[in-house]
Amino acid sequence: MMELFEYEAKELLSKYGIFIPKKYYLVYNSSEVRINNEPVVIKAQILSGGRGKRDGVKEAQSTLEAKQIINNMIGTTINNFIIKKVLIEEKLEIAKELYISVFVDRNKGIPLIMVSPYGGVDIESIEKENIFIRTADPLIGLQKFIVRDLVQKLILEKGLQKEAEKTIFNLYKIFKDYDAELVEINPLVVTEEGKLVAADAKVVVDDNAIYRQSKLQELDMKDREGLTNFERKAFELGVTANEMKGDIGIITSGAGLLMATADAITYYGGEIGPVVDLGGAAFDTTPERITKLISLLKNLKLKAILFSFFLQIGRCDIFAQSISDSLGSISDNIPIVIRLKGNKDDLAKSILSNKNFFLTDYFEEAVRKVVEKSE
Ligand code: GDP
Ligand code: MN
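These figures come from a predicted structure and were not determined experimentally.

1. With respect to the sheet that holds strand β14 (residues 240-243)
Logical step 1: With mixed pairing, 6 strands are arranged side by side in an open sheet as β14-β16-β15-β17-β18-β19. The open sheet is flanked by β14 and β19 (358-360), the only strands paired with a single partner. For this sheet, the mean inter-axis angle between neighbouring strands, taken without regard to orientation, is 15 degrees.
Logical step 2: Relative to β19, strand β18 (residues 336-342) runs parallel, the two being bridged by 3 bridges. Bridged to Ile338 within β19 is Leu359.
Logical step 3: Against the sheet, helix α9 (residues 345-352) touches β18 and β19, its axis set at about 155 degrees to β18.

Right, dumping it as structure tokens:
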């Protein structure tokens, strides 16, 4: 999953017509603060929730106080995330806090809309009878009567109901347009002035869709915490990657297999370097993408690369052809071990058999081989 920072998520909301607090600054240290002694809220920008309960959201009445809070906040951790930047926003006068979200129901494979008239930091402890969930038909779209019905549950005065309907529709639009797994506003605030404002926002995008989400590249990816150069470039290719310090590269078709492969390599004494998960989209990975991926991997000075694949829906032969085509374009020799099992693996084997790498049916053999090559 690819989670956006709150300030990125809010920019997105704002583009879709949802009101957000008037933004002041994103700052990395207190010397960057430029405000005129007005009351503000200072919010830690980390990819984790629960900040409200853990000193990650603080009010300041003056510029001096804001600077002090920022000095104290930056460099500390919440839920193991180091706070490197904070958002300074106008302080909202809150009359009521609501909850709304759109997310994927993994069992049914459809989007759900969830609302509650009791949003805020204690969302986990809201009683079931105060949480309302409806489905959105992915083909028909989100229907008006469903949204109206949900808005009724929010117990709003008449004047705000239209705005609330609009907000839910817009949230659903973001969810669809960005291939999100989750878009959430908690709290959606009714201000003392009677406006509806998103005080917090969370957007999580499905990793498997990143390759077709060029819009996400408009966001400042350079700013993304913790991403190495390799990880960022892999992200731009639309794949999920993690760079560790070892010298064996791993490319797999799913997070579970990736974990198992990484564990097995460690067990046999290998050192894991970059790991790349092509996920469910693995089967239609083009030779071009694999070529780019491998050349990215090669910049990392690895000793060996393991393709650890199990494809049930995707076709092994198509993927094998991609590997075969892309390896042809790479000149020097880095040992490559391939284990490719599943749908049409016989065809895959015949495509790869007379090429210059180690091919095996067996997971364990593949792992041992790649460790041996890296020694
Ligand atoms: P989270 O705890 O990480 O989800 O962070 P939130 O952004 O949701 O903030 C936690 C709580 O801080 C919210 O539920 C609000 O009650 C409060 N809060 C956030 N922004 C503002 C604001 O602008 N003004 C006021 N008064 N409170 C805020
Ligand atoms: Mn929140």
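This is not the end of the story, as more comes after the structure.
2. Some thoughts on the site of ligand 1
Logical step 1: As a structural note, the neighbourhood of ligand 1 is formed by 18 residues, with Lys43, Arg51, Gly52, Glu97 and Asp200 the closest of them.
Logical step 2: One of the side-chain nitrogen or oxygen atoms of Glu59 is found 3.3 Å away from a nitrogen atom of ligand 1.
Logical step 3: Isolated, ligand 1 exposes 560 Å² of accessible area, and the fraction of that covered by the protein chains is 86%.
Logical step 4: Listing elements by their share of the shell around ligand 1, those giving two or more residues are β3 (40-44), β4 (57-60), β8 (94-105) and β11 (180-191).

3. Let's talk about the coordination of the manganese ion (ligand 2)
Logical step 1: Ligation of the manganese ion (ligand 2) by protein atoms is provided by Asn186 (O) and Asp200 (OD), these donors lying 2.2 to 2.3 Å from the ion. With Asn186 in strand β11 and Asp200 in the loop between β12 (196-198) and β13 (202-205), this residue pair connects regions lying 14 residues apart in the sequence. Both residues of the pair, Asn186 and Asp200, belong to the buried class.

Rules used in this analysis
Residues numbered from 1 in each chain as written. Chains lettered and ligands numbered in written order. Predicted model: local features only at pLDDT ≥ 70, side-chain atom pairs only at ≥ 80, totals over all residues. Heavy atoms only, no water. Pairing = 2+ DSSP bridges. Helix = DSSP H or I, 4+ residues; strand = E, 2+ residues; numbered from the N terminus. Axes fitted to C-alpha atoms, helices over the stretch in contact; angles between N-to-C directions. Contact = heavy atoms within 4.5 Å. Near = heavy atom within 4 Å. Polar contact = N/O pair within 3.5 Å; in protein donor to acceptor, adjacent residues only side chain to side chain. Areas by Shrake-Rupley, 256 points an atom, 1.4 Å probe, with all protein chains shown as cover. Donors = N, O, S within 2.8 Å, 3.2 Å for Na, K, Ca; no water. Buried < 20%, exposed > 50% of the residue type's maximum accessible area, 1.4 Å probe, protein only.

In short, shape yes, function no, at least from these values alone.
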